[in-house]
Amino acid sequence: MKLNTSTGLNTLNQAQLQQENLLKKLANGRRINSAADDAAGLQIANQLSSSINAKAQGERNLYDGISLSWVYEQALQGVNDNFAELGRMAVAAGNGIYGTQERQALQKEANGLLDNARQIIDNTEFAGKKLFGADASINFESGNGALSLTATDLGTALQNQNAFNLDLTNPAGAAQALGRIEQARDFIGALQAEAGAEANRFAAAARNSSGQQVAESAARSRIADLDYARASSDRAAANILTQSSINVAMQARISSERALSLLS
């Protein structure tokens, strides 16, 4: 079938192109499939996608930081628990009724607790990274800047305080040991407080990142995603226009043939 006028041909072609474009959009749910659909919108949507992806990875990094903080703080608590028991034993060693044999037993038990504390310090790690090996700042990129957990060389710090050199075999040594133990526990407690505060900062940053991702995803959706109701309505209108163009062309052809028949 041929159309009789260029106007009719153009109308039909435009309607068919519109239908094809709408079918593509309905198939993938996207309003913008190329720069031809909306050049500025495509650029903004791409920028938002990049930002969302970066923040999503940053959020995962932050939750790794939270997990590391928990491991670090729990290890500190383990060391603190051992020193708390050592404090009890140092007080017990000041009991005047204890003889040499009892004090030797206390010393042996104290040495075991000190070994436990050293073992925690030497073996605590996260993802293969030792947490008490050196004074360091462990950074986690959030997508909006880096947050850090401060790790301490706890073994060296306690060694410098003579916390591992405790003598419970005599009252004078027990009194001195008690002072060192209290100093060590104060130091460990301060590290725990710092680790807890840093874990809270990680959690707050992760919540903020999640909120930003939701907002940016909504903005991207408004720009790039398809309004199905409107697209379906536009497709129905394009179908009507196509059918109308064909019907008009057919009527024009029939009328032309009848006129020629009458003239002949």
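That block above? That's the structure.
Criteria and thresholds
Residues numbered from 1 in each chain as written. Predicted model: local features only at pLDDT ≥ 70, side-chain atom pairs only at ≥ 80, totals over all residues. Heavy atoms only, no water. Pairing = 2+ DSSP bridges. Helix = DSSP H or I, 4+ residues; strand = E, 2+ residues; numbered from the N terminus. Axes fitted to C-alpha atoms, helices over the stretch in contact; angles between N-to-C directions. Parallel < 35°, antiparallel > 145°, perpendicular 65-115°, else oblique. Left-handed = near helix turned anticlockwise from the far one by under 90°. Nonpolar A, V, L, I, M, F, W, Y, C, P; charged D, E, K, R; others polar. Core = buried A, V, L, I, M, F, W, Y, C linked by side-chain atoms within 4.5 Å. Buried < 20%, exposed > 50% of the residue type's maximum accessible area, 1.4 Å probe, protein only. Contact = heavy atoms within 4.5 Å. Salt bridge = Lys/Arg side-chain N within 4 Å of Asp/Glu carboxyl O. Expected span 1.5 Å × (residues − 1). Phe/Tyr/Trp six-rings, centres within 6.5 Å; stacked < 30°, edge-to-face > 60°. Polar contact = N/O pair within 3.5 Å; in protein donor to acceptor, adjacent residues only side chain to side chain.

## Re the pairing of strand β3 (residues 136-141)
Okay, step 1: Relative to strand β4 (residues 146-151), β3 runs antiparallel, the two being bridged by six bridges. What sits directly across from N139, in β4, is S148.
Okay, step 2: The turn linking β3 back onto β4 is made up of four residues, and G143 within it adopts a positive phi angle of 95°.

## Regarding the packing of helix α2 (residues 39-93) against helix α5 (residues 171-224)
Okay, step 1: Here α2 crosses α5 at 165°, and the two axes come no closer than 7 Å. For the element pair α2 / α5, the angle class is roughly antiparallel. Every pair of crossing elements has a handedness; the one defined by α2 and α5 is left-handed.
Okay, step 2: Taken together, the residues of the contact of α2 with α5 sort by class into 33 nonpolar, 15 polar and six charged.

## A word on the nonpolar core
Okay, step 1: Ranked by internal contacts, the top residues of the largest apolar core, which has 42 residues, are F83, L154 and L158.
Okay, step 2: Secondary structure elements with two or more residues in this core: α2, α3 (100-123), β3, β4, α4 (154-160) and α5.
Okay, step 3: In terms of residue count, α2 provides more of this core than any other element does, 13 residues in total.
Okay, step 4: The residues contacting L158, other than those within four sequence positions of it, are V79, F83, I121, A163, F164, A184, F187 and I188.

## As for the pattern of salt bridges
Okay, step 1: Tallying each qualifying case throughout the model produces five salt bridges.
Okay, step 2: Here R88 and E85 are joined by a salt bridge, their closest N and O atoms 2.6 Å apart. Here E85 and R88 lie together in helix α2, a separation of three residues that amounts to about one turn.
Okay, step 3: A salt bridge links R201 to E198, with the nearest nitrogen and oxygen atoms 3.7 Å apart. With R201 and E198 both in helix α5 and three residues apart, this pair spans about one turn of that helix.
Okay, step 4: Among the residues examined, R201 registers a relative accessible area of 46% and is labelled partly exposed.
Okay, step 5: Judged by relative accessible area, which is 4%, E198 ranks as buried.

## A word on α3
An α-helical turn contains 3.6 residues, so any two residues separated by three or four positions project in the same direction.
Okay, step 1: With 24 residues, α3 extends 34 Å from end C-alpha to end C-alpha; this agrees with the ideal 34 Å at 1.5 Å per step.
Okay, step 2: Within α3 the residues assigned to the buried category are R103, L106, Q107, A110, L113, L114, A117 and I121.
Okay, step 3: The elements touched by buried residues of α3 are α2, α4 and α5.

## Quick look at the environment of L168
Okay, step 1: Looking at the secondary structure, you find L168 in the loop between α4 and α5.
Okay, step 2: Here the alpha-carbon distance between L168 and G94, two residues 74 residues apart in the chain, equals 8.4 Å.
Okay, step 3: With residues up to four places along the chain from it excluded, the contact list for L168 reads M89, A90, A93, R103, L106, Q107, A110, A174 and A177.

## A short note on the packing of aromatic side chains
Okay, step 1: Under the defined criterion, the tally for this structure stands at three aromatic pairs.
Okay, step 2: Ring plane angle 55° and centroid distance 6.3 Å describe the contact between F83 and F164, whose orientation is recorded as tilted. Of this pair, F83 sits in helix α2 while F164 sits in the loop between α4 and α5; the two residues are 81 residues apart in sequence, bridging distant segments of the chain.
Okay, step 3: Residue class for F83 comes out buried when judged on its relative accessible area of 0%.
Okay, step 4: Their ring planes at 85° and their centres at 5.5 Å tell us that F140 and F202 sit as a pair that is edge-to-face.

## Side note on the environment of R180
Okay, step 1: With respect to the helices and strands, the residue R180 is situated in helix α5.
Okay, step 2: Residues R180 and N165, 15 residues apart in the sequence, show an inter-C-alpha distance of 8.9 Å.
Okay, step 3: Ignoring any residue separated from it by four or fewer positions in sequence, one finds R180 in contact with Q161, N162, N165 and L166.

## With respect to the side chain of Q192
Okay, step 1: Inspection of the secondary structure puts Q192 in helix α5.
Okay, step 2: With relative accessibility at 10%, the residue Q192 sits in the buried group.
Okay, step 3: A distance of 2.7 Å separates polar atoms of two side chains, one belonging to Q192 and the other to Q77.
Okay, step 4: Within the structure, the side chain of Q192 is placed 3.0 Å from the side chain of N80, a separation counted as a polar contact.
Okay, step 5: Apart from residues lying up to four places away in sequence, Q192 is in contact with E73, L76, Q77 and N80.

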